[in-house]
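Residues per chain are reported as follows:
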Amino acid sequence: MADTDNYSSSLRKPRHVARKFQARPQREGNGAVVRRSIGRFELRYFDPFLVLDEFSVCAPAGFPDHPHRGFETVTYMLEGALTHEDFEGHKGTIKAGDLQWMTAGRGIVHSEMPAGQGVAKGLQLWVNLSSRNKMIEPKYQELQSKDIACTNKNGIEVRVIAGESMGINSPVYTRTPTMYLDFTLKPLAHLCQPIPPTWNAFLYVLEGEGVFGVEKSGSIGTHHLLLLSHGDGLEVWNKSVKPLRFVLIGGEPLGEPVAQLGPFVMNTEEEIDQTINDFQYCENGFEKAKFWRSEAMIASEG
Ligand code: FJE
Ligand code: FE
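Thresholds, definitions, all that
Residues numbered from 1 in each chain as written. Chains lettered and ligands numbered in written order. Predicted model: local features only at pLDDT ≥ 70, side-chain atom pairs only at ≥ 80, totals over all residues. Heavy atoms only, no water. Pairing = 2+ DSSP bridges. Helix = DSSP H or I, 4+ residues; strand = E, 2+ residues; numbered from the N terminus. Axes fitted to C-alpha atoms, helices over the stretch in contact; angles between N-to-C directions. Salt bridge = Lys/Arg side-chain N within 4 Å of Asp/Glu carboxyl O. Donors = N, O, S within 2.8 Å, 3.2 Å for Na, K, Ca; no water. Tetrahedral: all angles 85-135°; square planar, octahedral: opposite > 155°, others 65-115°. Near = heavy atom within 4 Å. Polar contact = N/O pair within 3.5 Å; in protein donor to acceptor, adjacent residues only side chain to side chain. Areas by Shrake-Rupley, 256 points an atom, 1.4 Å probe, with all protein chains shown as cover. Nonpolar A, V, L, I, M, F, W, Y, C, P; charged D, E, K, R; others polar. Core = buried A, V, L, I, M, F, W, Y, C linked by side-chain atoms within 4.5 Å. Buried < 20%, exposed > 50% of the residue type's maximum accessible area, 1.4 Å probe, protein only. Contact = heavy atoms within 4.5 Å.

Regarding the sheet that holds strand S5 (residues 63-68)
Here is step 1: Overall, antiparallel pairing links the 4 strands, which are arranged S5-S10-S7-S8 in an open sheet. The sheet is open, and its two borders are formed by S5 and strand S8 (91-95), each paired with just one other strand. Between one strand axis and the next, the sheet turns by 25 degrees as a mean value, whatever way the strands run.

Shown next as C-alpha cells:
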C-alpha cells in the first residue's frame with residue numbers, strides 16, 4: 001500500500017494540536033476588519049510565518065497605498081474580489097478561489113482594495129524571507145481559481161496552493177520552502193497528510209468543525225488557529241454532519257533573528273533604520289514611490 005495513502009494511517013509520529021488560538025475581529029488598514037492569528041501579541045512569530053489575517057472588507061474600506069520589504073504576502077480569496085495595483089504599474093483583480101503570491105523583496109508599494117460593492121473575504125499570509133532573499137527583486141505569482149491544482153478522493157477535496165498533496169503538485173515557487181493546502185472533508189471523511197518533520201505547521205478552520213491530530217479529542221470550529229507539534233504528518237476526522245474546510249500551512253523555519261517595523265521585516269535594527277531611510281528618500285528599491293499614488297487613492301480624493 002502506498003505510504004501516501006490518505007485513508008489508513010501511515011504516520012510514524014502524528015502531529016497533535018500544541019496550541020489553539022481563537023482569532024477575533026480587529027480593525028486594520030483603512031476601516032477593514034481582520035481576524036489576526038499569527039502576528040498578534042501572544043503569537044508574534046511562528047517561523048517562517050509573520051502574519052495570518054482572515055480579512056473581510058467592503059468599499060470604501062481597504063488597504064490603500066502602503067509599502068512592504070523583506071517578506072512575501074500570500075493572498076488567497078474566499079469570497080468577492082480584490083483589486084491590487086503597485087508602483088511598477090502591476091495591476092489586477094483577484095476573485096474567489098484565486099491566489100496572489102507576492103514576493104515584496106527589496107520593496108513594493110501597493111494598494112489592495114475591494115473590487116465593486118460586495119464584501120471581499122480571504123486569507124493573507126506573510127511568509128518571511130531568509131537574509132539572502134530579503135533584498136531580491138519583487139515578483140508576482142498569480143493563479144486563477146481554474147489553474148489551482150485540485151483533486152477529490154475518498155470524500156476529501158484538496159486545492160494545492162503550494163507544495164504537494166494526494167499526488168498533486170502546485171506550480172508556485174516558494175523561496176522559503178512552504179506548503180499551503182486547502183482541504184474540504186465531507187462528513188465521515190478521514191485525512192492523513194504527510195508534513196516534513198522539521199517544518200513548523202499550523203491549520204486554520206474556515207468552515208464546519210473537525211477533530212485534529214488525536215481521534216478522541218474534541219471538535220474545533222471556525223476562526224481557530226491550531227499550531228501543530230512536531231511529527232511527520234497530520235490526521236483529521238470530520239465527525240460532523242457538515243463539510244469541514246480548513247487550510248494546512250507549513251514551512252521550513254529560517255532560524256534567523258527578526259527585526260520588524262510594521263510592513264518592514266529585516267534581521268537587524270540597523271537594517272530597519274536603513275529601510276525607513278530608503279522609504280523616506282525613495283531609494284534602494286523605493287525609487288518609484290516618489291511620484292506614485294494608486295488610482296484608488298486618486299479616485300477617493302476626487
Ligand atoms: C496593514 C501594514 C500592512 N492585513 N490582509 C500595516 F501591510 C497592512 C495590510 C494588511 C492586509 C492587506 C490585505 Cl489585502 C489583507 C491584510 C494587513 O495591508 F493593514 C497595516 N496596518
Ligand atoms: Fe500589502
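On we go.
Describing the pattern of salt bridges
Here is step 1: Scanning the entire structure with this criterion turns up 13 salt bridges.
Here is step 2: With a shortest N-O distance of 3.1 Å, Glu28 and Arg36 are connected by a salt bridge.
Here is step 3: The partner of Glu301 in a salt bridge is Arg293, with the nearest N and O atoms 2.2 Å apart.

Quick notes on the coordination of the iron ion (ligand 2)
Here is step 1: Coordination of the iron ion (ligand 2) by the protein is provided by His66 (NE2), His68 (NE2), His110 (NE2) and Glu112 (OE), with metal-donor distances spanning 2.1 to 2.2 Å.
Here is step 2: The site at the iron ion (ligand 2) holds 4 donor atoms, and with the angles between them running 83 to 178 degrees, its shape is irregular.
Here is step 3: We note that the donor set of the iron ion (ligand 2) lies within a single chain, spaced as H-x1-H-x41-H-x1-E. Of this pair, His66 sits in strand S5 while Glu112 sits in strand S10 (residues 108-114), and the two are 46 residues apart along the sequence.

Here we look at the site of ligand 1
Here is step 1: With respect to spatial proximity, 13 residues lie near ligand 1, and among them Glu28, Gly29, Asp53, His66 and His68 are the closest.
Here is step 2: Measuring from a nitrogen atom of ligand 1, one finds a side-chain N or O atom of Asp53 at 2.7 Å.
Here is step 3: In this structure, His66 approaches ligand 1 through a side-chain N or O atom, which is 3.1 Å from an oxygen atom.
Here is step 4: In isolation ligand 1 exposes 450 Å². Once the protein is present, 87% of that is buried.
Here is step 5: Elements supplying a minimum of two residues to the shell around ligand 1: strand S4 (49-58), S5 and strand S11 (119-128).
Here is step 6: In terms of residues, the shell around ligand 1 owes the most to one element, S5, which gives 3 residues.
Here is step 7: A breakdown of the residues in the shell around ligand 1 according to their chemical character gives 5 nonpolar, 4 polar and 4 charged.

Concerning unusual backbone geometry
Here is step 1: Residue Pro48 is reached from Asp47 by a cis peptide bond, and omega for that bond is 5 degrees.
Here is step 2: For Pro48, the position within the fold is in the loop between strand S3 (32-36) and S4.
Here is step 3: Note that the residue after Ala59, namely Pro60, is joined by a cis bond; omega there is 5 degrees.
Here is step 4: Position of Pro60 relative to the elements: it lies in the loop between S4 and S5.

Remarks on the nonpolar core
Here is step 1: Residues Leu99, Trp101, Leu125, Tyr180, Phe202 and Leu225 are the most contacted members of the largest nonpolar core, which totals 27 residues.
Here is step 2: Secondary structure elements with two or more residues in this core: S4, strand S6 (71-79), strand S9 (99-103), S11, strand S14 (156-162), strand S19 (200-207), strand S21 (224-228) and strand S23 (244-251).
Here is step 3: Look past the residues within four positions of Leu225 in its chain and what remains in contact with it is Arg19, Lys20, Phe21, Ser37, Ile38, Leu43, Leu52, Phe202, Leu203 and Tyr204.

Remarks on the environment of Gly218
Here is step 1: Structurally, Gly218 is set in the loop between strand S20 (211-212) and S21.
Here is step 2: Along the backbone, Gly218 and Gly208 are 10 residues apart, and their C-alpha atoms lie at a distance of 13 Å.

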